[in-house]
Amino acid sequence: MNKPKITSMEARPRPELFDFHGVGMIKEFTENWDNIQNFKARPDDILIATYPKAGTTWVSYILDLLYFAHMSPDRQTSIPLHDRVPFLELCEPPMPTGTDLADKLPTTPRLIKTHLPVQFVPKSFWEQRCRVVYVARNAKDNAVSYFHFERMDSGMPEPGDWSTFLQNFMEGKMVFGSWYDHVNGWWEKKETYSNFHYMFYEDLIEDCGREIDRLCSFLGLSPSPEEKERVKASVTFDNMKRNKMTNYSTIYTMNQTTSPFMRKGKVGDWKNHFTVAQNEQFDEDYKQKMKNPDLKFRYEI
Ligand code: A3P
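Because the structure is predicted, anything quoted here is derived from the model rather than measured. (Residues numbered from 1 in each chain as written. Predicted model: local features only at pLDDT ≥ 70, side-chain atom pairs only at ≥ 80, totals over all residues. Heavy atoms only, no water.)

> Is there a simple way to think about the pairing of strand β5 (residues 131-136) in this case?
A regular strand places its side chains so that they alternate between the two faces of the sheet. Where burial is concerned, most of β5 is hidden: six out of the six residues are buried. Side chains Arg-131, Val-133 and Val-135 project from β5 onto one buried face, and the interleaved Val-132, Tyr-134 and Ala-136 project onto a second face that is buried too. Taken together, the five bridges between β5 and strand β6 (residues 196-200) define a ladder with parallel strand orientation. Bridging across to β6, Val-132 finds its partner in Phe-196. (Buried < 20%, exposed > 50% of the residue type's maximum accessible area, 1.4 Å probe, protein only. Helix = DSSP H or I, 4+ residues; strand = E, 2+ residues; numbered from the N terminus. Pairing = 2+ DSSP bridges.)

> Explain empty space enclosed by the protein here, please?
Here the idea is plain: a probe the size of a water molecule rolls over the atoms and shows the empty space left. This model, assessed by the stated rule, comprises one cavity of 30 Å³ or more. Of the volumes computed, that of the largest cavity is approximately 50 Å³. In terms of lining, the largest cavity is formed by Thr-56, Thr-57, Ser-60, Leu-81, His-82, Val-85, Lys-113 and Tyr-248. Elements with a contribution of two residues or more to the lining of the largest cavity: α2 (56-68) and α4 (81-84). For the lining of the largest cavity, a count of residues per class yields three nonpolar, four polar and one charged. (1 Å grid on protein atoms, 1.4 Å probe; cavity = no way out; pocket = protein on both sides within 12 Å on 5 of 7 lines; lining within 4 Å. Points joined across faces, edges and corners; volume = space filled by probe spheres on them. Nonpolar A, V, L, I, M, F, W, Y, C, P; charged D, E, K, R; others polar.)

> Before we go on, may I ask you to explain the pairing of strand β4 (residues 111-114) in this structure?
Residue alternation in β4 divides its side chains into two sets, Leu-111 and Lys-113 and Ile-112 and Thr-114, and both sets are buried. Sheet topology note: the strand β3 (residues 46-50)/β4 ladder contains four bridges and is parallel. Looking across to β4, one finds that Ala-49 is bridged to Thr-114.

> Even after reading the chapter, I still don't get the sheet that holds β3, so can you show me in this structure?
Where strands meet in a sheet, backbone hydrogen bonds hold them as pairs that are either parallel or antiparallel. Across the sheet, which stays open at both edges, the four strands sit in the order β4-β3-β5-β6 with parallel pairing between neighbours. The open sheet has two free edges, formed respectively by β4 and β6, since each of these has just one partner strand. The mean angle between the axes of side-by-side strands here comes to 20°, regardless of whether they run parallel or antiparallel. On the sheet, α2 packs against β3, β4, β5 and β6 and is oriented at approximately 165° with respect to β3. (Axes fitted to C-alpha atoms, helices over the stretch in contact; angles between N-to-C directions. Contact = heavy atoms within 4.5 Å.)

> Explanation requested: the site of the ligand in the structure shown.
Around the ligand sit 19 residues in total, of which Thr-56, Thr-57, Ser-145, Lys-264 and Gly-265 are the nearest. Within the side chain of Trp-58, an N or O atom sits 3.2 Å from a nitrogen atom of the ligand. Between the ligand and Tyr-201, the relevant distance is 2.8 Å, taken from a nitrogen atom to a side-chain nitrogen or oxygen of the residue. About the coverage of the ligand: the protein hides 97% of its 570 Å² of free accessible area. (Near = heavy atom within 4 Å. Polar contact = N/O pair within 3.5 Å; in protein donor to acceptor, adjacent residues only side chain to side chain. Areas by Shrake-Rupley, 256 points an atom, 1.4 Å probe, with all protein chains shown as cover.)

> Sorry, what's going on with the packing of aromatic side chains here?
The geometry of an aromatic ring pair comes down to the distance between the two centres and the angle between the two planes. Counted under the stated rule, the structure contains 39 aromatic pairs. Consider the rings of Phe-20 and Phe-120, whose centres lie 5.9 Å apart with planes at 75°: the pair is edge-to-face. One end of the pair, Phe-20, is in strand β1 (residues 18-20); the other, Phe-120, is in the loop between β4 and α6 (123-127), and 100 residues separate them in sequence. The same class applies to Phe-20 as to Phe-120, namely buried. (Phe/Tyr/Trp six-rings, centres within 6.5 Å; stacked < 30°, edge-to-face > 60°.)

> I would appreciate a short explanation of the pattern of salt bridges in the present structure.
Close approach of charged atoms allows side chains with opposite charge to pair. In this structure the tally under the stated criterion is 19 salt bridges. Glu-158 is the salt-bridge partner of Arg-14, the closest N and O atoms lying 3.6 Å from each other. Linking Arg-14 in the segment before β1 with Glu-158 in the loop between α7 (139-152) and α8 (162-171), this pair joins segments that are 144 residues apart in sequence. For Glu-300, the salt bridge goes to Lys-271, with nearest N and O atoms at 2.6 Å. One end of the pair, Glu-300, is in the segment after α14 (276-289); the other, Lys-271, is in the loop between α13 (237-242) and α14, with 29 residues separating them in the sequence. (Salt bridge = Lys/Arg side-chain N within 4 Å of Asp/Glu carboxyl O.)

Interpretation in functional terms is not warranted from these geometric data alone.
Below you can see the structure in the form of structure tokens.
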């Protein structure tokens, strides 16, 4: 069978951001909308939800190893993580859509990734009472990571310079919308939907082993101490950066020499980007938008 020819994205124009039911989107995430909304989740599916750049890949890999590390070793060395954990809303021909990939997943449970704000999640996930893992990251580091990601991924809109990007971030003019709405919307869902584990990137950095334990207790898994150690060792930043199955080196839209996908993996890199004035303006704006005293982020550890 002839494989579709994938041409370099460098030659293609960057996608434009547009308003989609009040949320910034690009067509790559809306073109398959009916299939996304009608997606048939199964009761044992696990949805990994995040705002972009909050640690999606890290948590996806942890879950993938917890469930499937014992399967054929080939799986770990020959199937990129983004094929093992399909990106539900992605529609970028000639690649298969996220819904097609998910429909064809041979594993149980299926691990499915989404960046959708909570109100856009297909209703079957709620109806089937699927388990949901949400990962949130502090706004400043999240913004920095997103800026460098848009620089390197020609499948995303042009980020402009850092100060333009930061202004857009504060105004929510981003793909998948406002960070503030995203983290708050999912946090509120937790109040009414019990099959939910809300976790933080900063906690993972602080103590990855503890966070793996928490994930296991949420998922009802009891790996042996050796298995847990193996997972912990595989998911370090350096190992994931080296691993071709997790470092996105297989994705043709990403220019890793502009900025690597596995870039720094730190809490507090925002201090190398924000000017004093930007930081003051950001903090002032943040206070207005983040009124829920229960949802707290750490900006350094
Ligand atoms: P930085 O750009 O700050 O380095 P996502 O997977 O949601 O796109 O998030 C990518 C961010 O998570 C990047 O942040 C990446 O380096 C970081 N990341 C991925 N795996 C990590 C790991 N094992 N340890 C620490 N950070 C990790």
